[in-house]
Amino acid sequence: MRGQPVPRMTVALAGNPNVGKSTLFNALTGLRQHTGNWPGKTVGIAEGKCRAKGGVFRFVDLPGTYSLSGGSEDERIAAEYISSGEADCTVVVCDGSCLERSLILALQILERTEKVVVCVNLIDEARRRGIHIDAGELSRLLGAPVVLTAAGKKRGLEELLERIAAAVPVTLPRSWPDPVAAAQEIARSCIRRTEDTSARWRSRVDEILVSRRFGIPIMLLLLLLILWITVWGANYPSELLGKLLDSGYFLLKRWLSAAPGWLSGVILDGMYATSARVISVMLPPMAIFFPLFTVLEDIGYLPRMAFLLDGKMCRCGGCGKQALTLCMGLGCNAVGVTGCRIIDSPRERLLAVLTNAMVPCNGRFPTLILLGSLFFGGAGGALAVAGFTVLGVLGAMAASGVLSRTALKHEQSTFLMEMPPLRRPRIGQILVRSLLDRTLHIAGRALKVAAPAGALLWLLAKCSLLGSAAAALDPFGKAMGMNGVILLAFLLSLPANELLIPVILMALTGAISLQGIGDAGGELLMAAGWTWRTAVCTMLFTVFHWPCATTLLTIRRETGSLKQTAAAFVLPTAMGILLCMMVKLLLG
């Protein structure tokens, strides 16, 4: 009937990590979703809407957790939300291939709220492993509706929505004083197993991936392969994107031909030229790196990487999860900082945040690659870039070790992370998560600081202040094995590391815009008196200096503290200054 209100329901999605909860959330809501933070928390919240069955379902994706005991911030938030009664129905997402573990959380939720639907997900994977679940028997034992789904293939979603729409209060048929023992008993009663012919093969692959002999070499080869594909594959797209944005520059120039010179200068030569430079250099590597890295995440390799590195990170006062955030920082330090949310211990999380920017991101690689190839040749340049990348990781580990024994001294936490089964990558979901949620999100955040910084850069060049500022900084730059122009370029590239070499070339040529300034400035650098010693110190400071503005804003948002953001600025900068001065003394 026209004018009749549409029924609305709020549905909470709860479950362990790696049970396909996010896949189910994306399958139900599509692109009708948004992400943010819980009020006053750094834990992420995702909400989305789904129109079906004559109503509107508002899904709230709760943080993945193993229990509701309140041992971590994630657990406290999930427990408080479920107990608050704000949700009209709670869907407990279980892993069909490991049902026993998922049922522990399901039983705890059934004790806290009445309207519950149990969704046994990854049922296709469970059947491949010879696991068959009797949904009727499981529903009888739990006293709640049970739906079998394969969210990645969008199977069982219609039935799930029907169960949610018809949800009624349920109660456990009997009291279970020990949820662990209860989960074991229920799983035995409703699971039938057949022979799994692929189990031996998967077990053998897992043994190789986490072995002491092969695990670390395989991990290093995978990371090097991803970096090589990212650097090699981004060259041509960056060139094409740069030409496309150049065309946009000349088109805008015709449109603004009647505008005052200062206005077109600020908009075109300042804001547009700088933003175009950042996007053309930053977007292609991220569009390659993030999908490749998300593949490792989707197939279940990242937990194995954390397991391999946990012992080494523990000796530095960190944990295996910090190693994952450092790997994320190779693509973008802002993403690495956001990834620190997975670390449960507040002190270890802060430790990871403060040291993440010591790992070179894709914004610093253009500088490292240009200087490496220019001063050390092809193979020598590749080794130099790899060496400085490893040096950044070692620097982060050393800084973690010092901080964990001084300012951030604390008891070592226990590293608990599920080792999910290896799975086939889901290409569609990988592209959505990596390109929309990560690449475009970070690019948009970078533009927020690049555009106003471009206007400031144009103003300084127009007023001929770059030369005088570089002269004032020259004594400090030379003490670090560089010069005033290089140090000024580092300061002006705070909004985005991609600006470093173009700003150096601007200062050397006297140009007032980044438009037309390319990476091929070897002749200018040589003419300006650069030597291999200058290149070494510049590459060293490229690795160890303050985070870019986007990363600093992310740190401020994640920590909620100006003091900790300032510490993240000072720590790598102090290390870089000290190391550059030491190299200057050693090399003469």
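Owing to the predicted nature of the structure, the values given are computational and were not obtained by experimental measurement. Each chain has its residues counted from 1, following the order in which its sequence is written. Reporting in this predicted model follows two pLDDT cut-offs: at least 70 for local features of residues, and 80 or more for side-chain atom pairs to be given and counted; totals over whole chains, interfaces and linings ignore these cut-offs and use all residues. As a rule here, side-chain values cover all heavy atoms of the structure and leave hydrogens and water aside.

A word on the overall build of the protein chain
The criterion, for reference: Each helix corresponds to a stretch of at least 4 residues labelled H or I by DSSP, and each strand to a stretch of at least 2 residues labelled E; elements are numbered beginning at the N terminus. For the exposure calls, accessible area comes from a 1.4 Å probe over protein chains only, and a residue counts as buried if that area is under 20% of its type's maximum, exposed if over 50%, partly exposed in between. Any pair of residues with heavy atoms lying within 4.5 Å of one another is described as a contacting pair. Throughout, the Shrake-Rupley method with a 1.4 Å probe supplies accessible areas, and for residues the shown protein chains are the sole cover considered.
Of regular secondary structure, the protein chain possesses 24 helices and 9 strands. A total of 588 residues make up the protein chain; the buried ones form 54% of that total. A separation threshold of at least 6 residues defines the contact pool for the protein chain, and within that pool the share at least 24 residues apart is 75%. If you sum the accessible surface of the protein chain, you get close to 26,500 Å²; carbon and sulfur atoms cover 63% of it.

What to know about a nonpolar patch on the surface
Under the convention used in this document: Candidate patch residues must exceed 30% relative accessible area and have no salt bridge, after which like charges are joined if within 9 Å and Val, Leu, Ile, Met, Phe, Trp or Tyr side chains if within 5 Å. By convention in these notes, a salt bridge is any Lys or Arg side-chain nitrogen within 4 Å of a carboxyl oxygen on Asp or Glu.
A surface patch of nonpolar side chains, amounting to about 400 Å² of accessible area, comprises Leu225, Trp228 and Trp232. On the basis of relative accessibility, which here comes to 44%, the residue Leu225 falls in the partly exposed class.

Quick look at helix α22 (residues 532-543)
To keep things clear, this is the line we draw: In a helix, the anticipated span is given by 1.5 Å times the number of residues less one.
Along its 12 residues, α22 runs 17 Å from first to last C-alpha, staying within 8% of the 16 Å computed at 1.5 Å per residue. Burial of α22 is extensive: 10 of the 12 residues sit out of reach of the surface. Considered for burial, the residues of α22 that qualify are Thr534, Ala535, Val536, Cys537, Thr538, Met539, Leu540, Phe541, Thr542 and Val543.

Describing the pairing of strand β5 (residues 89-95)
To keep it simple, the criterion reads: In this analysis, strands are considered paired if DSSP registers two or more bridges between them.
Most of β5 is tucked away: 7 of the 7 residues are buried. The alternating pattern of β5 places Cys89, Val91, Val93 and Asp95 on one face and Thr90, Val92 and Cys94 on the opposite face, and all of these are buried. Relative to β5, strand β1 (residues 8-15) runs parallel, the two sharing 5 bridges. Counted as the bridge partner of Leu13 is Val91 from β5. Pairing of β5 with strand β6 (residues 116-121), which is carried by 6 bridges, proceeds in the parallel orientation. The partner of Asp95 across the bridge, within β6, is Asn121.

Quick look at the side chain of Thr355
Among the structural elements, Thr355 can be located in helix α14 (residues 346-355). The exposure class assigned to Thr355 is buried, which follows from its relative accessible area of 0%.

A few points about the packing of aromatic side chains
The test is simple: For this analysis, a ring pair means two rings from Phe, Tyr or Trp (six-membered ring only for Trp) whose centres lie within 6.5 Å, classed as stacked if their planes differ by under 30 degrees, edge-to-face if by over 60, and tilted for the remaining angles.
For the coordinates displayed, the defined rule picks out 7 aromatic pairs. Through pairs of rings, three or more aromatic residues link up here, namely Phe490, Phe541, Trp546 and Phe569.

A look at the pattern of salt bridges
This model, assessed by the stated rule, comprises 9 salt bridges. Asp95 serves as the salt-bridge partner of Arg101, at 3.7 Å between the closest nitrogen and oxygen. With a closest N to O distance of 3.4 Å, Glu239 and Lys243 form a salt bridge. Here Lys243 and Glu239 lie together in helix α9 (residues 215-255), a separation of 4 residues that amounts to about one turn. By relative accessible area, Glu239 is classed as partly exposed at 42%.

Observations concerning the nonpolar core
The nonpolar side chains of a soluble globular protein tend to be buried with one another. Here is the rule we go by: By convention a nonpolar core is built from buried Ala, Val, Leu, Ile, Met, Phe, Trp, Tyr and Cys residues, the set being connected through side-chain atoms within 4.5 Å.
In terms of nonpolar packing, the biggest core is built from 84 residues, with Met219, Tyr301, Met305, Met482, Phe490, Ile504 and Phe541 touching the most fellow members. A total of 11 residues in this core trace back to one element, the largest contributor, which is helix α10 (residues 261-298). If we ignore the near neighbours within four places in the chain, the residues touching Phe541 are Met480, Met482, Leu487, Phe490, Trp546, Thr573, Gly576, Ile577 and Cys580. Core analysis: the second largest hydrophobic core is formed by 43 residues, Leu110, Val118, Ala144 and Ala182 among them.

Concerning the side chain of Asn16
Condition: We call two N or O atoms a polar contact when they sit within 3.5 Å, provided that within protein one can donate a hydrogen and the other can accept it, with sequence-adjacent residues counted only if both atoms are side-chain atoms.
Structurally, Asn16 is set in the loop between β1 and α1 (21-29). On the basis of relative accessible area, Asn16 is assigned to the buried category, the value being 2%. Of the polar contacts made by the side chain of Asn16, one reaches the backbone oxygen of Thr65; its length is 2.8 Å. Residues within four places of Asn16 in sequence aside, it is in contact with Gly64, Thr65, Tyr66, Val93, Arg101, Ser102 and Leu105.

What to know about the packing of α14 against helix α24 (residues 562-587)
Quick note on the threshold: In this analysis an axis means a line fitted to C-alpha atoms, helices contributing only their contacting stretch, and an angle means the value between N-to-C directions, from 0 to 180 degrees. Each angle receives one of four descriptions, namely roughly parallel if under 35 degrees, roughly antiparallel if over 145, roughly perpendicular if within 65 to 115, and oblique otherwise. Under the scheme applied here, ten amino acids are nonpolar (Ala, Val, Leu, Ile, Met, Phe, Trp, Tyr, Cys and Pro), four are charged (Asp, Glu, Lys and Arg), and all others, including Gly, are polar.
Two numbers describe how α14 lies on α24: the axes approach to 8 Å, and their chain directions differ by 45°. On the basis of their axis angle, the class for α14 and α24 is oblique. Judged by residue contacts, Leu350, Leu354 and Thr355 of α14 engage Gln564, Ala567, Ala568 and Leu571 from α24. Broken down by class, the residue content of the contact of α14 with α24 amounts to 5 nonpolar, 2 polar and no charged.

Regarding the confidence of the model for the protein chain
Stated formally: Within a predicted model, pLDDT stands for the predictor's per-residue confidence, ranging from 0 to 100.
Chain-level pLDDT for the protein chain is 82 on average; 88% of the residues reach the 70-or-more range. Strand β8 (residues 146-148) holds the highest mean pLDDT among the elements of the protein chain, 95, whereas strand β2 (residues 33-37) holds the lowest, 50.

Topic: the environment of Pro346
Among the secondary structure elements, Pro346 is positioned in helix α14. Taking the C-alpha atoms as reference, Pro346 lies 9.9 Å from Thr559; in sequence the two are 213 residues apart.

Remarks on the packing of helix α5 (residues 135-142) against helix α7 (residues 179-190)
The criterion, for reference: The crossing is said to be left-handed when, going from far helix to near helix, the turn is anticlockwise and less than a right angle, and right-handed when the turn is clockwise.
Between α5 and α7, the shortest axis-to-axis distance is 9 Å and the interhelical angle comes to 150°. Here α5 lies roughly antiparallel to α7, going by the angle between them. Handedness of the α5/α7 crossing: right-handed. Across from Glu137, Leu138, Leu141 and Leu142 in α5, the residues of α7 making contact are Ile186, Ser189 and Cys190. By residue class, the composition of the contact of α5 with α7 is 5 nonpolar, 1 polar and 1 charged.

With respect to unusual backbone geometry
Non-glycine residue Leu122 carries a positive phi angle of around 55°. For Leu122, the position within the fold is in the loop between β6 and α4 (123-128). For Leu122, a relative accessible area of 9% puts it in the buried group. Of note, Lys154 is a non-glycine position whose phi angle comes to about 60°, a positive value. Mapping Lys154 onto the fold places it in the loop between β8 and α6 (157-165).

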